[in-house]
Amino acid sequence: MAVIEDVRALGSELERSYPVYVRGRLKFRVKQIVYVAFSLDEVVMGFAFPKEERAPLVAGEPEKFRLPSESDMRFNWVDAELAALDPTEARELVVDAWRMVVPQKVSRAYDLAHPGGPG
């Protein structure tokens, strides 16, 4: 069972990433692009995810993942129940979301420095 503390430090440590609080909600950004956001009660983690892959993800594991709100369907976004994720999976989702918003050379440098992934 993952909790926000499992990914908070990671989101702050990733290159070009920084935490912000918007209306009491923790979000991680690269420049002005939000790639991870938590619900106010810290039960749901929304994260950047390719639009064309989200329907299969949600259909394959509906107990973990769900489509974003109707107003967010235009974005590359998926929501996950933190309690349904294990900590390693939650960290991997954060890193994958971060990869979507940084240049490839930055994500390649991360891979070289962390060959085993975010673990």
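Residues numbered from 1 in each chain as written. Predicted model: local features only at pLDDT ≥ 70, side-chain atom pairs only at ≥ 80, totals over all residues. Heavy atoms only, no water.

An unreviewed UniProt entry annotates the chain as YjbR protein originating from Saccharothrix ecbatanensis.

Trainee: Let's hear about the overall build of the chain: which residues, and what values?
Mentor: For the chain, the helix and strand inventory stands at four helices and six strands. Counting from the amino terminus, helix and strand elements in the chain follow one another as α-β-β-β-β-α-β-β-α-α. Compactness check: the chain gives a C-alpha radius of gyration of 13 Å against a globular reference of 14 Å for 119 residues, within 12% of the reference. With respect to the principal axes defined by its C-alpha atoms, the chain has extents near 35 × 30 × 30 Å. Counting across all 119 residues of the chain, residues that qualify as buried make up 42%. Across the chain, every contact between residues at least 6 apart in sequence was considered, and the portion connecting residues at least 24 apart equals 48%. (Helix = DSSP H or I, 4+ residues; strand = E, 2+ residues; numbered from the N terminus. Rg over C-alpha atoms; globule rule 2.2 N^0.38 Å. Buried < 20%, exposed > 50% of the residue type's maximum accessible area, 1.4 Å probe, protein only. Contact = heavy atoms within 4.5 Å.)

Trainee: Quick rundown of the confidence of the model for the chain? Include the residues and the values.
Mentor: For the chain, the mean per-residue pLDDT works out to 94, and 99% of the residues sit at or above 70. Ranking the elements of the chain by mean pLDDT puts helix H1 (residues 5-13) last, at 92, and strand E5 (residues 65-66) first, at 98. (pLDDT = per-residue confidence, 0-100.)

Trainee: Describe unusual backbone geometry, listing the residues and the values that go with them.
Mentor: In the Ramachandran plot, Arg 23 falls in the positive-phi region, its phi being about 50° despite a non-glycine side chain. Along the polypeptide, Arg 23 turns up in the loop between strand E1 (17-22) and strand E2 (25-30). Although it is not a glycine, Glu 42 adopts a positive phi angle of roughly 60°. If you trace the backbone, Glu 42 turns up in the loop between strand E3 (33-38) and strand E4 (44-48). Given a relative accessible area of 36%, Glu 42 falls into the partly exposed group.

Trainee: Tell me about the pairing of E1, residues and numbers included.
Mentor: In the sheet, E1 pairs with E2 via six bridges, with the strands oriented antiparallel. The residue of E2 that forms the bridge with Tyr 18 is Arg 29. The hairpin formed by E1 and E2 contains two residues between the paired strands, and Arg 23 there has a positive phi angle of roughly 50°. (Pairing = 2+ DSSP bridges.)

Trainee: Explain helix H2 (residues 51-60) residue by residue, including any values.
Mentor: Within H2, the full set of buried residues consists of Arg 54, Leu 57 and Val 58. Take H2 and look down its axis: the buried residues cluster within an arc of 90°, on one side only. Relative to its buried face, H2 has exposed residues pointing more than 90 degrees away, namely Glu 52, Pro 56, Ala 59 and Gly 60. In this structure, the buried residues of H2 make contact with E4, E5 and strand E6 (77-81). (Arc of directions from axis to C-beta.)

Trainee: An account of the environment of Arg 66 is needed here, citing residue identities and associated values.
Mentor: With respect to the element layout, Arg 66 can be found in strand E5. In this structure Arg 66 touches Val 44, Val 58, Val 78, Asp 79 and Glu 81, once residues within four positions along its chain are discounted. Only 2.5 Å separates the side chain of Arg 66 from the side chain of Glu 81, close enough to count as a polar contact. (Polar contact = N/O pair within 3.5 Å; in protein donor to acceptor, adjacent residues only side chain to side chain.)

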